[in-house]
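# Examination of the molecular architecture
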Amino acid sequence: DTGVSQDPRHKITKRGQNVTFRCDPISEHNRLYWYRQTLGQGPEFLTYFQNEAQLEKSRLLSDRFSAERPKGSFSTLEIQRTEQGDSAMYLCASSLGASIADTQYFGPGTRLTVL
Amino acid sequence: GDSVTQMEGPVTLSEEAFLTINCTYTATGYPSLFWYVQYPGEGLQLLLKATKADDKGSNKGFEATYRKETTSFHLEKGSVQVSDSAVYFCALSDLQGAQKLVFGQGTRLTINP
C-alpha cells in the first residue's frame, strides 16, 4: 500500500490559465475527498466522491472548478481561468467507506501559486 | 454550520513539559472527533480519534477525551519530545452524507531541547 499520491506537488501558473491536478487514492478505497488549505488555516472541504459518483460539493467550489473520478479510481481537479485567490494547497484524501468515522488518509498535496 | 475552534498558537514548550491544546466544537448531532498532525514537510496524518461521548482516543502518548457536556476534545501529552514539533489540527466529521472533515485552524507546536 503506497498511500495517497498527488501530482504535481507544485504548480506555478499565470492568472487566467487552466490547471489540472491528479490524485491517486489508496487502492480499494471507495471514498475520495478534495480539500483546500490556505496558509495558517485548516483544510476546507471542496468535494466528495463515492466510487465514480460526485455526491457533494462545497459552496467554495465555484463554476471554474470541476472534479472527476472516472471508473472510481484516480481523480482530477481542474481549475479554469485561475485567479490569484486560487493560490493554496490542494489536498486529496481517501477512505475505505466501510464504517462510520473511517479514517481519511491524506496525500502530500499540490501547492498552487497563481501569479 | 458545524465548526471547530482551536487554541491559538504558536505554542512553544521545553522537552518533557506537559502539553494541552484546547479544542471545542459546534455541531448538530454527535459527530466523530479527530486530531490530525502535520510534521514539517509531510502530509496530514491521523493522530487519534473518538466516535462517541466519553470515548478516549490515544496514540504515541497523546490522549483526548470526547466531552459532550463541554463540546470539547482537548489534546494532552504528559511529556513532550522535540520530535512532537508539528502543526496539530482538531477536526469533526458528521456521521451523515459525505462524512467530510471540518477542521480547526491548526496549532503550531515547537518543542525546544
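Below is a short write-up of the structure. Once a new chain begins, its residue numbering starts again from 1 and follows that chain's sequence as written. Chain A is the first chain written and ligand 1 is the first ligand written, with later ones labelled in order. pLDDT decides what is reported in this predicted model: residues at 70 or higher carry local features, side-chain atom pairs at 80 or more are listed and counted, and totals for whole chains, interfaces and linings draw on all residues regardless. Based on all heavy atoms of the structure, the side-chain values leave hydrogens and waters out of the count.

### What about the overall build of chain B?
Just so we agree on the cut-off: Per the convention used, a helix needs a DSSP run of H or I reaching at least four residues, while a strand needs a run of E reaching at least two, with both numbered from the N terminus. Between the two quantities, the radius of gyration covers C-alpha atoms and the globule rule is 2.2 Å times the number of residues to the power 0.38. Each residue is assigned to one of three classes by its accessible area relative to the maximum for its type, calculated with a 1.4 Å probe on protein chains only: buried under 20%, partly exposed between the two thresholds, exposed over 50%.
Assigned secondary structure in chain B consists of zero helices and 12 strands. Seen in sequence order, chain B has helices and strands lined up from the N terminus as β-β-β-β-β-β-β-β-β-β-β-β. For chain B, whose C-alpha radius of gyration is 14 Å, the value lies close to the compact-globule estimate of 13 Å for 113 residues. Taken across its 113 residues, chain B has 44% of its residues classed as buried.

### Considering the overall build of chain A
What counts, and what does not: Should any heavy atoms of two residues lie within 4.5 Å, those residues are counted as being in contact. In short, Shrake-Rupley with a 1.4 Å probe defines the accessible areas, and a residue's cover is counted only from the protein chains shown. Charge assignment in this entry is limited to Lys and Arg as positive and Asp and Glu as negative, and neither His nor the chain termini are counted. Here the site of a charge means atom NZ of a Lys, CZ of an Arg, CG of an Asp or CD of a Glu.
The number of helices and strands found in chain A is zero helices and 11 strands. Radius of gyration (C-alpha) of chain A: 13 Å, near the 13 Å computed for a compact globule of 115 residues. Each principal axis of the C-alpha distribution contributes one length, and for chain A these read about 40 × 25 × 20 Å. Of all 115 residues assigned to chain A, the portion counted as buried reaches 47%. Of the contacts made within chain A by residues no fewer than 6 positions apart, 53% connect residues no fewer than 24 positions apart. Carbon together with sulfur atoms contributes 45% to the accessible area of chain A, which is approximately 6,000 Å² in total. Positive and negative side-chain charges in chain A, numbering 14 and 13 respectively, have mean positions lying 7 Å apart.

### So, the sheet that holds strand E8 (residues 62–65) of chain B
Residues and elements named next belong to chain B. Our working rule: Think of it this way: DSSP has to see at least two bridges between two strands before they count as a pair. The convention used is that axes are lines fitted to C-alpha atoms, helices contributing only their stretch in contact, and that angles between N-to-C directions extend from 0 to 180 degrees.
As summarised here, the arrangement of the four strands in space is E3-E9-E8-E7, forming an open sheet in which the pairing is antiparallel. With partners counted over all chains shown, the strands left at the sheet margins are strand E3 (19–21) and strand E7 (56–59), one partner each. Averaged over all pairs of adjacent strands, the angle between strand axes in this sheet comes to 15°, irrespective of strand direction. Judged from the four bridges that link them, E7 and E8 form a sheet pairing that is antiparallel. Its bridge partner being in E8, Asn 59 is matched across the sheet by Phe 62.

### Some points on the state of the cysteines
All names here are of chain A. Under the convention used in this document: Pairs of cysteine sulfur atoms within 2.5 Å are identified as disulfides in what follows.
All chains considered together, the criterion is met by two disulfides over all chains. The residue that forms a disulfide with Cys 23 is Cys 92, at a sulfur-sulfur distance of 1.9 Å. Between Cys 23 and Cys 92, the disulfide has an S-S torsion of -65° and is therefore left-handed. With Cys 23 in strand E3 (residues 19–24) and Cys 92 in strand E9 (residues 88–95), this residue pair connects regions lying 69 residues apart in the sequence. When its relative accessible area of 0% is taken as the criterion, Cys 23 is described as buried.

### Structural notes on the interface of chain A and chain B
Interface size is commonly expressed as the accessible area that is lost once the parts come together. The criterion, for reference: A carboxyl oxygen of Asp or Glu within 4 Å of a side-chain nitrogen of Lys or Arg is what we treat as a salt bridge. Whenever a nitrogen or oxygen atom comes within 3.5 Å of another N or O atom, the pair is scored as a polar contact, on the condition that within protein one atom can donate a hydrogen and the other can accept it, and that pairs from neighbouring residues in sequence are kept only if both atoms are in side chains. Three residue categories are used. Nonpolar comprises Ala, Val, Leu, Ile, Met, Phe, Trp, Tyr, Cys and Pro, charged comprises Asp, Glu, Lys and Arg, and polar comprises the others, including Gly.
Taken together, the 21 residues of chain A in the interface contact 19 residues of chain B. Linking chain A to chain B there are one salt bridge. Between Lys 100 of chain B and Glu 56 of chain A there is a salt bridge; the shortest N-O distance is 2.6 Å. Taken together, chain A and chain B are joined by five residue pairs in polar contact (both at pLDDT 80 or more). Looking at the side of chain A that touches chain B, the elements with two or more residues in it are strand E4 (31–37) and strand E5 (44–50) of chain A. Here the side of chain A that touches chain B takes four residues from E4 of chain A, the largest share from any one element. The residue makeup of the side of chain A that touches chain B, split by class, is 10 nonpolar, eight polar and three charged.

### Considerations on the packing of aromatic side chains
Stated precisely, the cut-off is as follows: Only the six-membered ring of Trp is used, alongside the rings of Phe and Tyr, when aromatic pairs are assigned; centres must lie within 6.5 Å, and planes under 30 degrees apart are stacked while those over 60 apart are edge-to-face, with the rest tilted. Any Lys NZ or Arg CZ found within 6 Å of a ring centre and within 35 degrees of that ring's normal is scored as a charge over the ring.
Tallied over the entire structure, the rule returns 13 aromatic pairs over all chains. Ring geometry for Phe 21 of chain A against Tyr 90 of chain A: centres 5.4 Å apart, planes inclined by 45°, an arrangement best described as tilted. Of this pair, Phe 21 of chain A sits in strand E3 while Tyr 90 of chain A sits in strand E9, placing them 69 residues apart in sequence. In this structure Tyr 90 of chain A comes out as buried when scored by relative accessible area, which is 0%. Geometrically, the ring pair formed by Tyr 35 of chain A and Phe 103 of chain B is edge-to-face, given 6.0 Å between the ring centres and 85° between the ring planes. Here Phe 103 of chain B lies in strand E11 (residues 101–103) and Tyr 35 of chain A lies in strand E4, a pairing that spans two chains. Given a relative accessible area of 0%, Tyr 35 of chain A falls into the buried group. The class of Phe 103 of chain B is buried, set by a relative accessible area of 9%. Ring pairing ties together the aromatic residues Tyr 33, Tyr 35, Phe 45, Tyr 48 and Phe 106 of chain A together with Phe 34, Tyr 36, Phe 89 and Phe 103 of chain B, which thus form one cluster. The side chain of Arg 22 of chain A reaches across the aromatic face of Phe 74 of chain A, ending 3.9 Å from its centre.

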